[in-house]
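Each chain, letter by letter, is given below.
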Amino acid sequence: MILLDRVSKKYGKKGVALDKVSFFIEPKEFVVLVGASGAGKSTILKLLTREEKETSGKIVVGGVDYADLKEKDIALLRRKVGTVFQDFKLLPKRTVFENVAFAMEIVGMSNKEIKNTVPKVIELVGLAGKEKNYPDQLSGGEKQRVAIARAVVRQPKILIADEPTGNLDPKHSWDIVKLLERINKRGTTVIMTTHNQEILAKLNRRVIKLDHGRVVSDRVGFRLEDDESVDGSSDEPDAKSTGSRKVSSL
Ligand code: ADP
């Protein structure tokens with residue numbers, strides 16, 4: 001589970017990136033964060049991976065209160081939280097297999113474990129047969145599959161996907177979203193950001209919308225006629241929405 005309770009984040013003295021953001025995400029949920037550029041989406045993701053620290057408020061992930069995190073806990077935390085980005089961030093001089101294996105090597109997993117696990121994950125993401133390809137021998141969609149394989153190979157509880165379809169054409173975008181849904185069905189909480197309205201409409205999942213650092217709506221589903229909402233125009237939180245899962249009711 002992920003709990004944000006009145007979390008604010010200021011960069012420097014003025015820039016308020018998040019203003020008392022609260023939400024609760026159940027284990028195994030699939031949640032989409034939307035909002036215009038600058039609304040605060042990446043800041044939320046960076047707080048969850050502890051790349052940034054909240055200015056005030058409470059963050060609890062999987063029962064761990066981030067206020068109690070020590071330096072040494074952060075590496076452990078990052079094993080529980082896999083990340084995928086718009087620009088894939090693959091190692092260009094390593095093959096598909098090696099890119100995925102690297103995520104296990106750096107946390108000291110044995111060769112045996114690596115040889116056992118990596119092919120299964122490559123198969124899961126639909127890249128069986130491409131193990132020996134280098135990133136520049138893959139399409140954009142395939143590169144993102146490698147990035148997803150690398151993010152899930154350590155079996156994280158949470159997968160964060162920041163604009164995972166941002167560099168992909170519509171067909172590959174939807175394939176990647178379906179893959180994220182498959183991973184979610186296997187028990188991983190997925191938090192994704194997107195600006196892609198067709199994906200939002202088709203996906204029909206919980207959508208948390210941010211505007212100027214605040215949650216302005218939190219509900220299941222998205223209609224194309226709501227399209228302005230993705231661009232961050234204000235609309236009031238909906239009382240019937242999942243946003244009513246307020247922290248106080250936990
Ligand atoms: P989004 O991901 O929705 O585009 P961000 O979380 O990146 O939004 O940014 C939210 C706000 O915080 C923006 O006003 C942005 O300019 C500001 N911001 C983000 N990162 C930094 C930073 N490292 N230093 C100063 N301001 C930042």
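Each value, and the rule that gives it
- Residues numbered from 1 in each chain as written.
- Predicted model: local features only at pLDDT ≥ 70, side-chain atom pairs only at ≥ 80, totals over all residues.
- Heavy atoms only, no water.
- Pairing = 2+ DSSP bridges.
- Helix = DSSP H or I, 4+ residues; strand = E, 2+ residues; numbered from the N terminus.
- Contact = heavy atoms within 4.5 Å.
- Axes fitted to C-alpha atoms, helices over the stretch in contact; angles between N-to-C directions.
- Near = heavy atom within 4 Å.
- Polar contact = N/O pair within 3.5 Å; in protein donor to acceptor, adjacent residues only side chain to side chain.
- Areas by Shrake-Rupley, 256 points an atom, 1.4 Å probe, with all protein chains shown as cover.

Enquirer: How should the sheet that holds strand β5 (residues 64-65) be read in this particular structure?
Expert: Pairing between the strands of a sheet comes from backbone hydrogen bonds, and it takes one of two forms, parallel or antiparallel. Strand order across the open sheet formed by 4 strands is β2-β1-β4-β5, with antiparallel pairing between neighbours. Because the sheet does not close on itself, it has two edges, and the strands there are β2 (15-25) and β5. Where strand β4 (residues 56-61) lies against β5, 2 bridges are found, and the strand directions are antiparallel. Bridged to Val61 within β5 is Val64. Where helix α1 (residues 41-48) meets the sheet, its contacts fall on β1 (2-11), β2 and β4, and the angle it forms with β1 comes to roughly 115°.

Enquirer: Is there a simple way to explain the site of the ligand in this structure?
Expert: Residues in close proximity to the ligand include Tyr11, Ala17, Ala36, Ser37, Gly38, Ala39, Gly40, Lys41, Ser42 and Thr43, which together make up its full environment. In this structure, an oxygen atom belonging to the ligand sits 2.9 Å away from a main-chain N or O atom of Gly40. The contact in question runs from an oxygen atom of the ligand to an N or O atom on the side chain of Thr43, over 2.5 Å. In isolation the ligand offers 570 Å² of accessible surface; the protein chains occlude 58% of this area. Considering every element that reaches the shell around the ligand, the biggest residue donor is α1, with 3 residues.

Enquirer: Please clarify how the environment of Lys93 should be interpreted in this entry.
Expert: Counting through the fold element by element, Lys93 comes out in the loop between β6 (81-85) and α3 (96-105). For the pair formed by Lys93 and Tyr134, sequence separation is 41 residues and the distance between their alpha carbons is 6.9 Å.

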